[in-house]
Amino acid sequence: MSLIKSLYEKDLYPELDNLADDEFSRDCIEIASQRLANGEIDRRSFLSAMTILAALPTSALLGGNEARAAAKELLIANWGGPAVAAYENAFGKPFQKTSGVEVVIDGTGPLPSKVKAMVQSGAVTWDICDMDAQKTLVLANEDLLEPIDYNIVDKSKMPPDLAYEYGAASYYLCYVLTYDKDKIPVAPTSWKDFWDLEKFPGNRTMRKQPDGQLEAAKEVYPIDLELAKAKLKEIRPNLIAWGSGSESQQLFHQGEVVMGNLWHTRATVIYRESKGRFAWTWNEGLQAAAMWNVVKGNPAGRETAMQFIASTQDPMKQIELLSVMGSGPINPAAAALVPEELKMFDPGQPAHSSLMVQHNPKWFLEPSGKRGLTNDALAREIWLDVLAG
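If you're wondering where the values come from, they're calculated on a predicted model, not measured in any experiment.

Bringing the pattern of salt bridges into the picture now. Under the definition given, this model contains 10 salt bridges. Note that D180 is salt-bridged to R277, the shortest N-O span being 2.7 Å. Within this pair, whereas D180 is found in strand 4 (residues 168-180), its partner R277 is found in the loop between helix 10 (264-273) and strand 8 (278-294), the two being separated by 97 residues in sequence. On the basis of relative accessibility, which here comes to 29%, the residue R277 falls in the partly exposed class. One network of salt bridges, in which partners are shared, links D180, D182 and R277.

On to the packing of helix 8 (residues 225-235) against helix 16 (residues 375-388), then. One way to put it is that helix 8 packs onto helix 16 with a least axis distance of 10 Å and a crossing angle of 20°. Relative to helix 16, the element helix 8 is oriented roughly parallel. Considering only the axes of helix 8 and helix 16, their crossing is right-handed. Contacts between helix 8 and helix 16 involve L225, E226, K229, L232 and K233 from the former and N375, L378, A379, I382, W383, V386 and L387 from the latter. Of the residues contributing to the contact of helix 8 with helix 16, the split by class is 8 nonpolar, 1 polar and 3 charged.

Right, let's get into unusual backbone geometry. Each neighbour pair has its own omega, and for Y221 with P222 the value is 10°, a cis peptide bond. Among the secondary structure elements, P222 is positioned in the loop between strand 5 (204-207) and helix 8. Of note in the backbone geometry, Y221 takes a positive phi value of approximately 50° without being a glycine. Residue K275 is not a glycine yet carries a positive backbone phi of 55°. Mapping K275 onto the fold places it in the loop between helix 10 and strand 8.

Another point: the packing of aromatic side chains. Evaluated as defined, the whole model comprises 14 aromatic pairs. With a centroid separation of 5.2 Å and 90° between ring planes, the pair formed by F194 and W195 is classed as edge-to-face. Its relative accessible area of 0% is what places F194 among the buried residues. Among the aromatic residues, those joined into a cluster by ring pairs are Y271, W280, W282 and F345. Here K155 stacks its cationic end above the ring of Y150, 5.0 Å away from the centre of that ring. The positively charged end of R272 is found above the aromatic ring belonging to F345, 4.2 Å away from the centroid.

Basis of the calculations
- Residues numbered from 1 in each chain as written.
- Predicted model: local features only at pLDDT ≥ 70, side-chain atom pairs only at ≥ 80, totals over all residues.
- Heavy atoms only, no water.
- Salt bridge = Lys/Arg side-chain N within 4 Å of Asp/Glu carboxyl O.
- Helix = DSSP H or I, 4+ residues; strand = E, 2+ residues; numbered from the N terminus.
- Buried < 20%, exposed > 50% of the residue type's maximum accessible area, 1.4 Å probe, protein only.
- Axes fitted to C-alpha atoms, helices over the stretch in contact; angles between N-to-C directions.
- Parallel < 35°, antiparallel > 145°, perpendicular 65-115°, else oblique.
- Left-handed = near helix turned anticlockwise from the far one by under 90°.
- Contact = heavy atoms within 4.5 Å.
- Nonpolar A, V, L, I, M, F, W, Y, C, P; charged D, E, K, R; others polar.
- Phe/Tyr/Trp six-rings, centres within 6.5 Å; stacked < 30°, edge-to-face > 60°.
- Lys NZ or Arg CZ within 6 Å of the ring centre and 35° of its normal.

Take a look at the structure:
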């Protein structure tokens, strides 16, 4: 299978300025930075979350494409984050303290196309990348990743179906039905209510890309793309598309929409900011997972990379990430340890997970049966056509 360009939004749509904000992990960093600036979390919590998520500003970058082959250095590619330069020296200390390996972050964004270029040229600079499950499968099929060593990384510290051969689950990310309690008569309970403009009048918001949106149409996996197209057309006159997490949040605050399909982290933010006026339901939400990937031929060595991934499986570290950013702990043991005041925000709570649809990245890579396109490529084509119309 060749690299599917339609999977990579920045590669396909470079003219869109806000595509970096479309990445869930980058959006989480923005949320944490805002909460730090507002005094809602302390510096220690912020730094701990940055360590777990592996995020530093571009000032932490090493120049150009120079190979990072030092045995005592681990380079992780993530989406960076604003206003964290002052915390550069604090990053990676827990792992460095126990291993002696310095952690350095490239915050420019782990585009799959860059991974391919590195591996094929033999000039690999990244050791670990933060990817979603769908891109993990594509990179694995291209033979661009190292297999996860589950003698070091503990399979029991993630759901069994998220222990991929070439990717280890790192945290949960979800899409949920979010609504304005002041503008609708009763709380919606499912996506059926979202599509019902008669019972619930008012504008809706969905993402500019189909990621996490198609599953709201009706039956999933297989997703009926023609049905999804028809449903989207039904509400198109009442639909405002969001391009970044912050934009989805603003649409609610500005009173432009009454319902939306949002990242659960943004639903959490506006719930807190509005003191409960903006709420969400976990029912029929989409639960997906981010993945740690180890680039094939990584300079620091496979074992060092695996040891770092294993160090992030500590449930208390994952709960710290939940506290600061809302990213759901992936370690099943974390659910019972989450403080009571945070449980309502945790997508990994069994009562919440049981209500949601589990993301199936494999389906998107299957052939659609039309013009040689995958389900993913056809879905993007349909979605963008309807929004453009």
